[in-house]
Amino acid sequence: MTRFTGKTVLVTGGNSGMGLVTAQAFAVEGARVVITGRDAASLEAAQATLGAGAIAIRNDAGSVAAAQELAARIKSENITLDAVFINAGIARFAPLSDVAESMWDQTFDVNVKGPFFQIQALTPYLNNGASIVLNGSINAHIGMPASSVYAASKAALISLAKTLSAELLPRGVRVNVVSPGPIETPLYGKLGFDAQTLASTAEQIKSQVPLGRFGKSEEIAATVLHLASSESGFIVGTEIVIDGGMSQL
C-alpha cells in the first residue's frame, strides 16, 4: 500500500519500540518521516532504516522549550505535516506511599505537558486534513495498583483527544488515541526489575490478557496508520483500545 506517498509524518519517540516500528510502517507506505528521541545513537540508527529524506531530531519530550525548538526546526526545513504520532512517553510505577513529587512532575511533564505544548507549537505546520494520534494506555481505565501517576497522566492525554479535536476541527485536523495494553517493547526492560522479577511480572500480566499474549508493536502501528489516513476520516476524538481484551472482557 502507498497511502502516504507524498506525505510527511512526525513520530515522537520514533527511535525505538512501537514508535520506531510505526515510523518504519509509515516509510514503507511512502511517507517522508521525521522522528524525535533523546538518545543520539538510537536516533541515528533509526534514521538509517527510514529511507531517503528521513530526519532524526534529538528532542526532550517533556520540555516546552524543546517543543518550540522542534516546531522551529520543522519550519526551517520547509516541512508541513500530514500526520503526527505523539508517542514519546515514560512509565514509572510506585505504590501511593512511595510516590515522590519528582516522579509526578517528570511523568506529567513527558506524558501530558510535553504533548500539549508540542501540538500547540506544531499547529501552524499542520496541513488541512492532517491527523494527530496520541499514544494513551489502558492503565487509564483498569485501576492497576502502583500505576496511579502513570494512569492519571494517560487519562489526561486521552481527554485531550476530545478537547483538541473540537478546537482543531475548523482546521480540518482530527485527533484520536490508541491505547495499548501490554505490548512487547523495550519499555518493559526499563522498569528497573531484575531478570527473574521481570519474567514473573510478564507472566502475571499475560495471565490477565484473554488472548494469552503480549501485543506486537506492528499491531499498534497498523492502527496508527489507519487513524492517520483518509480512510478513517469519520473518526474524531475517539480512543481505540488495543489490549487483547484485557480491559474489555
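As the structure is a computational prediction, the values presented were derived from the model and not from experiment.

Rules and cut-offs
Residues numbered from 1 in each chain as written. Predicted model: local features only at pLDDT ≥ 70, side-chain atom pairs only at ≥ 80, totals over all residues. Heavy atoms only, no water. Helix = DSSP H or I, 4+ residues; strand = E, 2+ residues; numbered from the N terminus. Expected span 1.5 Å × (residues − 1). Bend = angle between axes of the 7 residues up to and from the residue. Buried < 20%, exposed > 50% of the residue type's maximum accessible area, 1.4 Å probe, protein only. UniProt positions renumbered as here; feature names shortened; annotations may be inferred. Phe/Tyr/Trp six-rings, centres within 6.5 Å; stacked < 30°, edge-to-face > 60°. 1 Å grid on protein atoms, 1.4 Å probe; cavity = no way out; pocket = protein on both sides within 12 Å on 5 of 7 lines; lining within 4 Å. Points joined across faces, edges and corners; volume = space filled by probe spheres on them. Nonpolar A, V, L, I, M, F, W, Y, C, P; charged D, E, K, R; others polar. Pairing = 2+ DSSP bridges. Axes fitted to C-alpha atoms, helices over the stretch in contact; angles between N-to-C directions. Contact = heavy atoms within 4.5 Å.

Given a rise of 1.5 Å per residue, 22 residues ought to cover 32 Å, and the 29 Å separating the end C-alpha atoms of helix 4 (residues 101-122) matches this to within 8%. The principal kink in helix 4, of about 45 degrees, is found at Asp109. Within the sequence span of helix 4, burial applies to Met103, Thr107, Phe108, Val110, Asn111, Val112, Gly114, Pro115, Gln118, Ile119, Ala121 and Leu122.

UniProt records the feature "domain: Ketoreductase" (unreviewed entry) at residues 7-181, using the numbering of this structure. With 46% helix and 21% strand, residues 7-181 has end C-alpha atoms that lie 29 Å from one another.

So, on to the packing of aromatic side chains. Throughout the structure, instances matching the rule amount to four aromatic pairs. Relative to Phe108, the ring of Trp104 has its centre 4.4 Å away and its plane inclined at 15 degrees; by these criteria the two rings are stacked. With a gap of four residues between them, Trp104 and Phe108 both fall in helix 4, about one helical turn apart. On the accessibility criterion, Phe108 (18% relative accessible area) is buried.

Note: most peptide bonds trans; most residues except glycine with negative phi. Of note in this structure, Asn78 is not a glycine but carries a positive phi near 55 degrees. In this fold, Asn78 is placed in the loop between helix 3 (64-76) and strand 4 (81-86). With relative accessibility at 71%, the residue Asn78 sits in the exposed group. Although it is not a glycine, Ala146 sits at a positive phi angle of roughly 75 degrees. As for its position among the elements, Ala146 is in the loop between helix 5 (139-142) and helix 6 (148-168).

Across all of its chains, the model carries one cavity of 30 Å³ or more by this definition. Taken as a whole, the largest cavity holds about 70 Å³ of empty space. Lining the largest cavity are Thr12, Thr36, Asn59, Ala61, Ile86, Ala88, Val110, Gly114, Pro115 and Gln118. The residue makeup of the lining of the largest cavity, split by class, is five nonpolar, five polar and no charged.

This part takes up the sheet that holds strand 3 (residues 55-58). Sheet architecture is open: seven strands sit in the order 3-2-1-4-5-6-7, paired in parallel fashion. Looking at strand neighbours, the two that pair on one side only are strand 3 and strand 7 (239-242), the edges of this open sheet. Between one strand and the next, the sheet's axes are offset by a mean angle of 15 degrees, whatever the strand orientation. Docked against the sheet, helix 3 engages strand 1 (8-11), strand 2 (32-37) and strand 3, running at close to 150 degrees with respect to strand 3. Taken strand by strand, helix 4 contacts strand 1, strand 4 and strand 5 (126-135), and its axis lies near 170 degrees from that of strand 4.

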